[in-house]
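Next come the chains, spelled out residue by residue.
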Amino acid sequence: AKRQYAIQTLKSLEVKIIMIESVCTDPETVERNIRHCKLGTPDYVGIPVDEATRDFRARVAAYESTYETIDAPSTNGVEKNRSWIKIVDCRRFVINNVRGFLPSRLIQFLSHLHMEPHAFYLSRHGQSEYNVLGKIGGDSGLSPLGDAYAKALARFCRDEVTKGEKGERPARLWTSTLRRTRETARYISHHSITIDYDQDDVDHAQEWVQLRPVAWSNLDELFAGVCDGMTYEEIEKHYPDEFRRRQNDKLAYRYPRGESYLDMIHRLDQMVFEMDRHREPLLIVAHQGILRLLYAYLMDMPREEAPYVSIPLNTVIKLEPKVYGCDEKRFELLRKCPNPDGQKETRLKKSESVD
C-alpha cells in the first residue's frame, strides 16, 4: 500500500520511479546491522545499548507483521512491470525492468555496498622538491623532509593501518602515478599474511600481500597546463587575468590547457565506486586537490567547499563513514615545520597552498 501511495504521489512529476528494497534474512547480518548501524541513529542517543537493541528488534517484528515484499504473491502481479531492485543480505540482487544509463549506474553503486565497517586513511605525499621552491605541479621527488615523512608513514602503517582488534588485519594502498607519491610509499612493508573471510566466494584461506601498491592515474594531481612548474607569484605576474579568475571560482576554473576541480571530480568517479567496494582499510597517498575532493565526498560537504579543505603535509587523516556522518581523526606524523608547502599566504586572497 505504501509503495502504491508513493507511485501515485510521484506520478504527476513524470519521472522514472525505481523502488529499492533491502531485505535481511540472515540473523548474523541483522544483529551486525543493529549494532553497527541502527544504534547510531538519533533515536537512540543516550540510550543503553541493550535497551536500544531490544527496542529496535521490536520495531523489526512490527514491520515484519505487516510488510509485503516487492512482487510478493499477495500483490497479484501488480509490480511485475514496475522498475525495482531487491537486495537480499547485501549479497543477492534481483533487478526487474531497470534500463538506461543512470539506472545502470545506480545498480553498480548498490552492488558495491556492504555492511562491513571500514576506514580510509588519506595522506598527501611528503614534502617535494617543488614544495620547497613553491612551485605547483611537476613530477619532482621528495625533499629530505619528505623522505623523513615517508619513513614515519611506514611506521604508522605498521602500528595503525594494519593493526586490528584481533591482530594484524589486511589493508590496501593506493598512490598516484607521480614520483612524489610513490616515493612516499616506498618504505611501507609488503609482507604476506593469510586471510580467510566468512561467507566469501573463495571457501579457503588465501595469501594477502599487505598494502600492495596500486598506482592510479585517476589520483594524479590537477594539471596546471601552461602554469605547470610555476609559483603562484609567477602566475599572478605573467597571467594576472587567469590568477583573478581562479580566485573568483576555484571550483570551476580551468588552467589554460590544463584541468579544473570539476575535471578531477569526473575522473574520480570510478575511484569512489572502488573505494566503497573494498572491505579492508585503504590508505590513499595522493595530492592536495585530489584528497580535498575525496574528503568532501566522505564528509558529505558541498562541492563548492572542497577546494578550500585543509589537507596539510605530514598528516594522515582517518575517516570512518557511519550511517549518520563520518568520524574523523588526524595524525600528525612529523612535528610542525615552518612553511612545509612553500606557500606565501599574504600573496593570496584565500588560504592556499601548493598542490
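Once a new chain begins, its residue numbering starts again from 1 and follows that chain's sequence as written. A pLDDT threshold of at least 70 governs which residues receive local features in this predicted model, and a stricter bar of 80 or more applies before side-chain atom pairs are shown or counted, although totals over entire chains, interfaces and linings include all residues. No hydrogens and no water enter the side-chain calculation; it runs on all heavy atoms of the structure.

A. Summary view of the overall build of the protein. Helix and strand definitions follow DSSP, with helices as H or I runs of at least four residues and strands as E runs of at least two, each counted in order from the N terminus. What the protein contains, in helices and strands, is eleven helices and 13 strands. A principal-axis box enclosing the C-alpha atoms of the protein has dimensions of 70 × 50 × 40 Å. Burial status across the protein gives 44% buried among its 355 residues. Long-range contacts, defined here as pairs at least 24 residues apart, represent 64% of the contacts in the protein between residues at least 6 apart. Residue-level accessible areas treat just the shown protein chains as cover; the underlying method is Shrake-Rupley with a 1.4 Å probe. Of the roughly 19,700 Å² that the protein leaves accessible, carbon and sulfur atoms contribute 51%. For the exposure calls, accessible area comes from a 1.4 Å probe over protein chains only, and a residue counts as buried if that area is under 20% of its type's maximum, exposed if over 50%, partly exposed in between. Pairs of residues are marked as contacts when any of their non-hydrogen atoms sit within 4.5 Å.

B. Broad picture of the pattern of salt bridges. Any carboxyl oxygen of Asp or Glu within 4 Å of a side-chain nitrogen of Lys or Arg constitutes a salt bridge here. Evaluated as defined, the whole model comprises 19 salt bridges. Where Asp147 meets Lys151, a salt bridge forms, and the shortest distance between an N and an O atom there is 3.7 Å. Separated by four residues within a single helix, Asp147 and Lys151 lie in helix H6 (residues 144–161), roughly one turn from each other. Across the pair Lys318 and Glu160 runs a salt bridge whose closest N-O atoms are separated by 3.2 Å. Residue Lys318 is found in strand S12 (residues 315–321), and its partner Glu160 is found in helix H6; the two are separated by 158 residues along the sequence. In this pair, the class of Lys318 matches that of Glu160, namely buried. Bridged by salt links that share partners, the residues Arg3, Glu79 and Arg82 form one connected network.

C. Just the pairing of strand S4 (residues 120–124), in detail. Most of S4 is tucked away: five of the five residues are buried. The side-chain alternation of S4 yields two buried faces, one formed by Phe120, Leu122 and Arg124 and the other by Tyr121 and Ser123. Pairing between strands is defined by DSSP: at least two bridges between them are needed. Sheet analysis places S4 next to strand S11 (residues 282–286), joined by five bridges and oriented parallel. Bridged to Arg124 within S11 is Ala286. Across four bridges, the pairing between S4 and S12 is antiparallel. Paired with Leu122 across the strands is Ile317, a residue of S12.

D. Inspection of the nonpolar core at higher detail. Nonpolar cores are built from buried Ala, Val, Leu, Ile, Met, Phe, Trp, Tyr and Cys residues. Side-chain atoms within 4.5 Å join them into one set. Counting residues in each nonpolar core, the largest one holds 37 residues, and the members touching the most others are Leu219, Ile235, Tyr255, Met275, Ile284 and Leu294. Elements that contribute at least two residues to this core include exactly S4, helix H8 (232–238), helix H10 (261–277), S11, helix H11 (288–298) and S12. If one sorts the elements of this core by residue count, H11 sits on top with seven residues. The contacts of Met275, once residues within four sequence positions are left out, are His118, Phe120, Trp174, Leu282, Ile284, Leu294 and Leu298.

E. Highlighting the confidence of the model for the protein. Confidence in the prediction of the protein, expressed as mean pLDDT, is 89, and 93% of residues score 70 or more. The predictor's confidence in any single residue is recorded as pLDDT, a number from 0 to 100. With pLDDT under 50 throughout, residues 345–354 is counted as low confidence; its partners more than four residues away or in other chains account for 30 contacts.

F. Here's a closer look at the packing of aromatic side chains. In this scheme Phe, Tyr and Trp rings, the latter by its six-membered ring, pair at centre separations within 6.5 Å, and the angle between planes marks the pair as stacked below 30 degrees, edge-to-face above 60, and tilted otherwise. Evaluation of the coordinates by the stated rule reveals five aromatic pairs. Measuring from ring centre to ring centre gives 6.1 Å for Phe109 and Phe273, while their planes differ by 90 degrees; the resulting arrangement is edge-to-face. Here Phe273 lies in helix H10 and Phe109 lies in helix H4 (residues 101–112), a separation of 164 residues in the sequence. According to the relative accessible area criterion, Phe109 is partly exposed, its value standing at 31%. Ring pairs connect the aromatic residues Tyr121, Phe156 and Phe331, which therefore count as one cluster.

G. Main features of a nonpolar patch on the surface. A patch is a set of surface residues, each over 30% in relative accessible area and not in a salt bridge, joined within 9 Å for like charges and within 5 Å for the nonpolar side chains Val, Leu, Ile, Met, Phe, Trp and Tyr. A cluster of nonpolar residues, Leu10, Leu13 and Val15, forms a patch on the protein surface that exposes about 260 Å² of accessible area. Mapped onto the elements, Val15 comes out in the loop between helix H1 (2–10) and strand S1 (18–23). A residue is classified by how much of its surface remains accessible, and Val15, at 48% relative accessible area, is partly exposed.

H. The arrangement of the sheet that holds S4 in detail. Taken together, six strands build an open sheet; the order of strands is S10-S7-S11-S4-S12-S13 and the sheet is mixed. Because the sheet does not close on itself, it has two edges, and the strands there are strand S10 (213–216) and strand S13 (326–332). Strand-to-strand twist in this sheet, taken as the mean axis angle between neighbours without regard to direction, amounts to 20 degrees. Note: strand S7 (residues 172–176) against S10, four bridges, orientation parallel. Across the sheet, the residue bridging to Ser176 is Trp216, located in S10. Angular values range over 0 to 180 degrees, each being the angle between N-to-C directions of two axes fitted as lines to C-alpha atoms, with helices fitted over their stretch in contact. Together, S4, S11, S12 and S13 form the strand contacts of H6, whose direction differs from that of S4 by roughly 175 degrees. Its contacts with the sheet place H10 against S4, S7, S10 and S11, and it is angled at close to 170 degrees to S7.

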